[in-house]
Amino acid sequence: QVQLVESGGGLVQAGGSLRLSCAASGRTFSSSNMGWFRQAPGKEREFVAGISWSGGRTYYPDSVKGRFTISRDNAKNTVYLQMNSLKPEDTAVYYCAADVGRVGVPPPLIGSQYDYWGQGTQVTVSS
């Protein structure tokens, strides 16, 4: 069982930055690919970043590439999402997710392939 707790969301003006954190419980974190997703009202859940179990590989969709950076600290069982140059269209609830035990496989881009999810943290970007 893995529990994920996100933090760091809030209200920021367009062009600003936020750093989200996701703290994981359990001993499987270091062998888990991790992902960040977001969901805005009335829209489908969207993949925004993924990182391999070792941190050696990261993945982003074009919508956030160059603005968002995912990283992890396996000693602290924590994954981060640094978000810069935020836009109003980045407004959403952000979730972290764990893909447990699939070492050597890239993190999934599809939410249904993740095993555990956090409760989400709201990010609001004002224009």
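Reading the values: rules and limits
- Residues numbered from 1 in each chain as written.
- Predicted model: local features only at pLDDT ≥ 70, side-chain atom pairs only at ≥ 80, totals over all residues.
- Heavy atoms only, no water.
- Helix = DSSP H or I, 4+ residues; strand = E, 2+ residues; numbered from the N terminus.
- Buried < 20%, exposed > 50% of the residue type's maximum accessible area, 1.4 Å probe, protein only.
- Contact = heavy atoms within 4.5 Å.
- Polar contact = N/O pair within 3.5 Å; in protein donor to acceptor, adjacent residues only side chain to side chain.
- Disulfide = S-S within 2.5 Å.

So, on to the environment of Thr 121. Structurally, Thr 121 can be placed in strand 11 (residues 121–126). Its relative accessible area of 10% is what places Thr 121 among the buried residues. Thr 121 sits 116 residues away from Val 5 along the chain, and the two C-alpha atoms are 8.9 Å apart. In this structure, Thr 121 is in contact with Glu 6, Ser 7, Gly 8, Gly 9, Leu 20, Ala 92, Val 93 and Tyr 94, ignoring residues within four places of it in sequence. Polar contacts involving the side chain of Thr 121 include one to the main-chain amide nitrogen of Gly 9, which spans 3.2 Å.

It is worth spelling out the state of the cysteines at this point. All told, the structure shown has one disulfide when counted by the stated rule. Disulfide pairing is shown between Cys 22 and Cys 96; the S-S distance is 1.9 Å. Since a negative S-S torsion denotes a left-handed disulfide, the Cys 22-Cys 96 link at about 50° is right-handed. Here Cys 96 lies in strand 9 (residues 92–100) and Cys 22 lies in strand 3 (residues 18–24), a separation of 74 residues in the sequence. There is no split in this pair, since Cys 22 and Cys 96 are both buried.

Distances and angles like these do not, on their own, reveal function.
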